[in-house]
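If you want the building blocks of each chain, they are given just below.
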Amino acid sequence: MPTLPSTPRPVPTIAVKQTTPVSPADRQAEEIASLMQDLVAEPHRRQAAVERLSMIGAPAVPALRRALQNPYKFARIGALEALGYIHSQEALPDILRCLKDKEENVRAEALKTLARLRHRTAVSAIAERLADPQPRVRREAVLALGRIKGSGAQAALITAARSNLPEIRGMACEELSAFPTSESVQTLLEATADSDRETRLAAIRSLGDIGDPAARARLQTLGRDQDRMVRQAAQQALENLE
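Quick summary incoming for the structure in this document. (Residues numbered from 1 in each chain as written. Predicted model: local features only at pLDDT ≥ 70, side-chain atom pairs only at ≥ 80, totals over all residues. Heavy atoms only, no water.)

Here the focus is unusual backbone geometry. Despite not being glycine, His87 shows a phi value in the positive range, around 60°. With respect to the secondary-structure elements, His87 resides in the loop between helix H4 (73-86) and helix H5 (92-97). By relative accessible area, His87 is classed as partly exposed at 44%. We note that Lys149 has phi near 65°; this positive angle belongs to a residue other than glycine. Relative to the helices and strands, Lys149 resides in the loop between helix H8 (135-148) and helix H9 (150-160). (Helix = DSSP H or I, 4+ residues; strand = E, 2+ residues; numbered from the N terminus. Buried < 20%, exposed > 50% of the residue type's maximum accessible area, 1.4 Å probe, protein only.)

This next bit is on the packing of helix H2 (residues 43-56) against H4. It is at 9 Å that the axes of H2 and H4 come closest, and there the two elements cross at 30°. Accordingly, the angle class assigned to the pair H2 and H4 is roughly parallel. Remark: the crossing between H2 and H4 carries right-handed chirality. Contacts from Arg46, Gln47, Val50, Leu53 and Ser54 of H2 reach H4 at Phe74, Gly78, Glu81, Ala82, Tyr85 and Ile86. (Axes fitted to C-alpha atoms, helices over the stretch in contact; angles between N-to-C directions. Parallel < 35°, antiparallel > 145°, perpendicular 65-115°, else oblique. Left-handed = near helix turned anticlockwise from the far one by under 90°. Contact = heavy atoms within 4.5 Å.)

Attention now moves to the nonpolar core. Grouped together as the largest cluster of nonpolar side chains are 75 residues, with contacts concentrated most on Leu53, Leu64, Ile126 and Leu219. Contacts of Leu219, omitting those with residues within four sequence positions, involve Ile204, Leu207, Ala234, Ala237, Leu238 and Leu241. (Core = buried A, V, L, I, M, F, W, Y, C linked by side-chain atoms within 4.5 Å.)

Right, let's get into helix H6 (residues 104-117). Every α-helical turn comprises 3.6 residues, leaving residues that sit three or four positions apart pointing alike. When the terminal C-alpha atoms of H6 are compared, their 20 Å separation across 14 residues agrees well with the 20 Å that a helix rising 1.5 Å per residue should span. H6 sits mainly inside the fold: 11 of its 14 residues count as buried. When H6 is considered as a whole, its buried residues turn out to be Val106, Arg107, Ala108, Glu109, Ala110, Leu111, Thr113, Leu114, Ala115, Arg116 and Leu117. Where H6 is buried, its residues meet H4, H5, helix H7 (123-128) and H8. Phi for Arg118, located one or two positions after H6, is positive at around 55°. (Expected span 1.5 Å × (residues − 1).)

What follows covers the packing of aromatic side chains. Considering all chains together, one arrives at 1 aromatic pair under this definition. Taking the centre distance of 5.6 Å and the plane angle of 65° together, the rings of Tyr72 and Phe74 count as edge-to-face. Directly above the aromatic system of Phe74 lies the positively charged group of Arg46, at a separation of 4.2 Å from the ring centroid. (Phe/Tyr/Trp six-rings, centres within 6.5 Å; stacked < 30°, edge-to-face > 60°. Lys NZ or Arg CZ within 6 Å of the ring centre and 35° of its normal.)

With that out of the way, let us pick up helix H1 (residues 24-38). Here H1 contains 15 residues, and its C-alpha end-to-end distance of 21 Å stays within 8% of the 21 Å for a straight helix at 1.5 Å per residue. Those residues of H1 not exposed but buried are Ile32, Leu35, Met36 and Asp38. All buried residues of H1 project into a common sector of 145° when viewed along the axis, lining one side. Opposite the buried face of H1, by more than 90 degrees, sit the exposed residues Glu30 and Gln37. Buried residues in H1 make contact with H2 and helix H3 (61-67). (Arc of directions from axis to C-beta.)

Here the focus is the pattern of salt bridges. Within this structure, the stated rule accounts for 16 salt bridges. Among the ionic pairs, Arg200 bridges to Asp225, the shortest N-O distance being 3.0 Å. Linking Arg200 in helix H12 (residues 197-210) with Asp225 in the loop between helix H13 (216-222) and helix H14 (228-241), this pair joins segments that are 25 residues apart in sequence. Across the pair, exposure class does not vary: Arg200 and Asp225 are buried alike. (Salt bridge = Lys/Arg side-chain N within 4 Å of Asp/Glu carboxyl O.)

This is how it looks when you write it as structure tokens:
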């Protein structure tokens, strides 16, 4: 019969690898880096990345500012969109530089971002885009001025309402409805005689929205205009003055 060993054999030990815990700040930095990669991915991943970066907020701003120099245009567009939702004022100089980007879509997105920020120091740079060679960029410039408000934006819109580009004149007249001043009313009264029908209609509607009694006589005259749509718009505007 075999005998048992007098001393027990040692039980082998398994070495446990020590891991350094990852801090919340490090995890967030890793997530931001991953999301920045997604800005150059397919559209649905780009949009998801923009939404998540917007939720992260201020900690993502430095990476987003760097992304505005990415050679891939969709990365720049995504970064601009996220910065607009975050309302990052510190990124304003970087966003303003994007107004001169070689890509039309980047310039347009920069204007949308500035409209969300509503920073009045950006008005002059936005106004320069009223002369952009691309219609879409010009339209976004008008819309941005309308959202920013302030005397500088009003002055730029008054200039746009006298532009040689009909679509700019009409849009500027629409945006002037948010500026109930005598200067706006006078500009809109002049625009009711514009050669472009859409501009005339926009001016009439804005006069009705402002509701200044100074427009009454002109609107009454337009209520007898040969153009049926002009007559209807003038009559509606007159009702708003009551």
